[in-house]
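# A structural walkthrough
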Amino acid sequence: MNQFRGYRCSLCGTEYSPDEVTYTCPKDGGNLDVELEYDLIRKKYQPEDILSRKDYSLWRYEPLLPVNTPKGENTPLHHAGWTPVFQLNTLARELGLKHLWLKDEARNPSASFKDRASAIVVARAREIKADVIVAASTGNAGAALACMAAAVGHRAVILAPRTAPPAKIAQLLIFGARVILVDGSYDHAFDLTVQAAQEFGWYCRNTGFNPFTAEGKKTAAFEIWEWWLEAHRDWHKKDSPLNDHPPLLIFVPVGDGNIISGIHKGFKDLLRLGWIQNLPRIVGVQAEGSAAVARAFHANTEIITPVSANTLADSISVDLPRDGVRAVRAARETGGTYITVSDQEILQAIATLGRVGIFAEPAAATAFAGLVRGVQTGLVHSDDPVLILSTGSGLKDIRAAMQAVTQAPVIEPSLQALKQIL
Ligand SMILES: *Cc1c(COP(=O)(O)O)cnc(C)c1O
Ligand SMILES: [Zn+2]
């Protein structure tokens, strides 16, 4: 038995039982927060019960999830999550920071953060015996769903904009999903999948719209919590001055706003269980050309006004963010903020991360670009411990990567020609 109690609307607060609703609030369309049996969890588990588990995937957090681990073992679905955290000492020095880390979500089975959400949605689909899962995607959510569904023999239908990067479309096709390219934007694909799900009785994974996507994404917060405990243990040993450091700053790239909401939810779950005392500060980073959430945040409102999105960071190119309200709150309720960056700064960030061995797609590099901007504008101080979330692999968008570097020269295969060029 899992700990799923029901839903609570993020706008009007109405509570629903698990069978009463499937997607958003019937009254006002608000995103639904999944409610767990917190009292039961608290009685049954101590943090040590989680920390000592031998499962090195997001399924180690099963006691805090609204679904059970699907049967079977060792498929890609069972290996989503548990991504490494790297220390970026060189870049920290260059930025004048004492502590800088990067959590590399490219290590997920389909090479993006979206596997976390898709793993949980596929598990849910199996529990409610939904046959076909459909998703609109700029590429990664679809690739993740196609991958997780394929891993356990489930059917997936993906609608993506025809302009999605070819590598992402290749992933969809290779994973055997039914792929339909829409001559329109992500937002068009989104609305169409919602209609299709209704018409054909499919289960819709759409980001934010489906309450389980945030439940998958919150597992990154749990991993950060574990890593942070581990890091503190080390610091304590060395009697480090970091015992009195400011709270962790987490930089998250934001499109629909579901990753940032999910991470916020994960920390809120830990707070409700009494397993942490304070929340880390969460900073959302958006591309200037797709900044509906950042604008709402800085206008001090929860009313999200759509934009006409235009950025090379396709994974965060969104007209109307589908989880905008909770995304605004993630920064506001944790003492964080929102930062916007230009496409030029994103390309620069791709090149900078490359120099230390990390290949990030544009949306993923956006978090680091936001940090650079945050340091320049004095938002980030030298003793702030910073973790940036790198959400997807650079191999997913080679065209963008090539814009971030100068072309390689071509020479005749002779030592003379090589000498000349060197
Ligand atoms: C989807 C995605 C994001 C943004 O997540 P949202 O939930 O849409 O805010 C960032 N980076 C990558 C690589 C993504 O695929
Ligand atoms: Zn509501």
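Before any of the text, the structure's been laid out above.
Computed from a predicted structure; not experimentally measured.

Right, let's talk about the nonpolar core for a bit. In terms of nonpolar packing, the biggest core is built from 97 residues, with Trp59, Ile263, Phe267 and Tyr338 touching the most fellow members. Residue contributions to this core peak at 7 residues, all from helix 9 (residues 219-237). Tyr338 has contacts with Val254, Ile260, Gly284, Val285, Gln286, Val293, Ala294, Phe297, His298, Ala327, Val328 and Ala331, leaving out every residue within four places of it along the chain. Judged by nonpolar contacts, the second largest core, of 34 residues, contains Leu88, Phe251, Ile350 and Val380.

Here we take up the pairing of strand 3 (residues 32-36). When you tally the buried positions in strand 3, you get 5 out of 5 residues, the bulk of the element. Burial along strand 3 is two-sided: Leu32, Val34 and Leu36 facing one way and Asp33 and Glu35 facing the other are all buried. One ladder, built from 5 bridges, connects strand 1 (residues 4-9) with strand 3; its direction is antiparallel. Within strand 3, the position partnered with Phe4 by the bridge is Leu36.

A word on the side chain of Arg281. Inspection of the secondary structure puts Arg281 in strand 11 (residues 281-287). According to the relative accessible area criterion, Arg281 is buried, its value standing at 18%. Only 2.8 Å separates the side chain of Arg281 from the backbone oxygen of Pro247, close enough to count as a polar contact. Apart from the residues within four sequence positions on either side, Arg281 is in contact with Pro246, Pro247, Leu248, Leu249, Ile250, Thr334, Gly335, Gly336 and Asp384.

One side chain can pair with another of opposite charge once the charged atoms of both are near each other. Summed over the entire model, instances satisfying the criterion amount to 28 salt bridges. Taking the shortest distance from any N to any O, the salt bridge between Asp39 and Arg42 comes out at 3.0 Å. Here Arg42 and Asp39 lie together in helix 1 (residues 38-44), a separation of 3 residues that amounts to about one turn. Since its relative accessible area comes to 35%, Arg42 is described here as partly exposed. Two residues, Glu94 and Arg355, come together in a salt bridge whose shortest N-O distance is 3.2 Å. Note that Glu94 is positioned in helix 3 (residues 89-95) and Arg355 in helix 13 (residues 343-355), a separation of 261 residues in sequence. Look at the salt bridges and you will find they share partners, linking Lys103, Glu105, Arg116 and Glu223 into a network.

Mapping Ile339 onto the fold places it in strand 12 (residues 338-341). Note: C-alpha distance between Ile339 and His245 (94 residues apart in sequence) is 23 Å. Contact partners of Ile339, with chain neighbours within four places excluded, come to Phe251, Val283, Gly284, Val285, Gln286, Gly370, Arg373, Gly374 and Leu379.

Attention now moves to the site of ligand 1. Among the 16 residues in the neighbourhood of ligand 1, the closest are listed as Lys114, Gly255, Asp256, Gly257 and Thr391. Within the contact set of ligand 1, an oxygen atom lies 2.8 Å away from a side-chain nitrogen or oxygen of Asn140. Within the backbone of Gly255, an N or O atom sits 2.7 Å from an oxygen atom of ligand 1. Relative to its free-state accessible area of 380 Å², ligand 1 is covered by the protein chains to the extent of 98%.

We now examine the sheet that holds strand 8 (residues 178-182). Note: strands within a sheet are paired through backbone hydrogen bonds, in either parallel or antiparallel orientation. In spatial order, the strands read 8-7-6-9; together these 4 strands make up an open sheet with parallel pairing. With partners counted over all chains shown, the strands left at the sheet margins are strand 8 and strand 9 (203-204), one partner each. For strand 7 (residues 155-161) and strand 8, the ladder comprises 5 bridges, and the chain directions are parallel. Bridge assignment links Val157 to a residue of strand 8, and that residue is Arg178. Along the sheet, helix 5 (residues 140-151) makes contact with strand 6 (132-136) and strand 7, crossing strand 7 at roughly 165°.

Here we come to the sheet that holds strand 3. An order of 2-1-3 is seen for the 3 strands of this open sheet, with the pairing classed as antiparallel. A single partner strand is all that each edge strand has here, and the edge strands are strand 2 (15-16) and strand 3.

Turning our attention to the packing of helix 10 (residues 258-272) against helix 12 (residues 324-332). Where helix 10 meets helix 12, the axes come as close as 8 Å, and the angle between the chain directions of the two elements is 55°. It follows that helix 10 is oblique to helix 12 by the angle criterion. Note that helix 10 runs across helix 12; the crossing there is left-handed. Residues Asn258, Ile260, Ser261 and His264 of helix 10 form the contact with helix 12, whose participating residues are Arg326, Ala327, Arg329 and Ala330. A breakdown of the residues in the contact of helix 10 with helix 12 according to their chemical character gives 3 nonpolar, 3 polar and 2 charged.

What counts, and at which threshold
Residues numbered from 1 in each chain as written. Chains lettered and ligands numbered in written order. Predicted model: local features only at pLDDT ≥ 70, side-chain atom pairs only at ≥ 80, totals over all residues. Heavy atoms only, no water. Core = buried A, V, L, I, M, F, W, Y, C linked by side-chain atoms within 4.5 Å. Buried < 20%, exposed > 50% of the residue type's maximum accessible area, 1.4 Å probe, protein only. Helix = DSSP H or I, 4+ residues; strand = E, 2+ residues; numbered from the N terminus. Contact = heavy atoms within 4.5 Å. Pairing = 2+ DSSP bridges. Polar contact = N/O pair within 3.5 Å; in protein donor to acceptor, adjacent residues only side chain to side chain. Salt bridge = Lys/Arg side-chain N within 4 Å of Asp/Glu carboxyl O. Near = heavy atom within 4 Å. Areas by Shrake-Rupley, 256 points an atom, 1.4 Å probe, with all protein chains shown as cover. Axes fitted to C-alpha atoms, helices over the stretch in contact; angles between N-to-C directions. Parallel < 35°, antiparallel > 145°, perpendicular 65-115°, else oblique. Left-handed = near helix turned anticlockwise from the far one by under 90°. Nonpolar A, V, L, I, M, F, W, Y, C, P; charged D, E, K, R; others polar.

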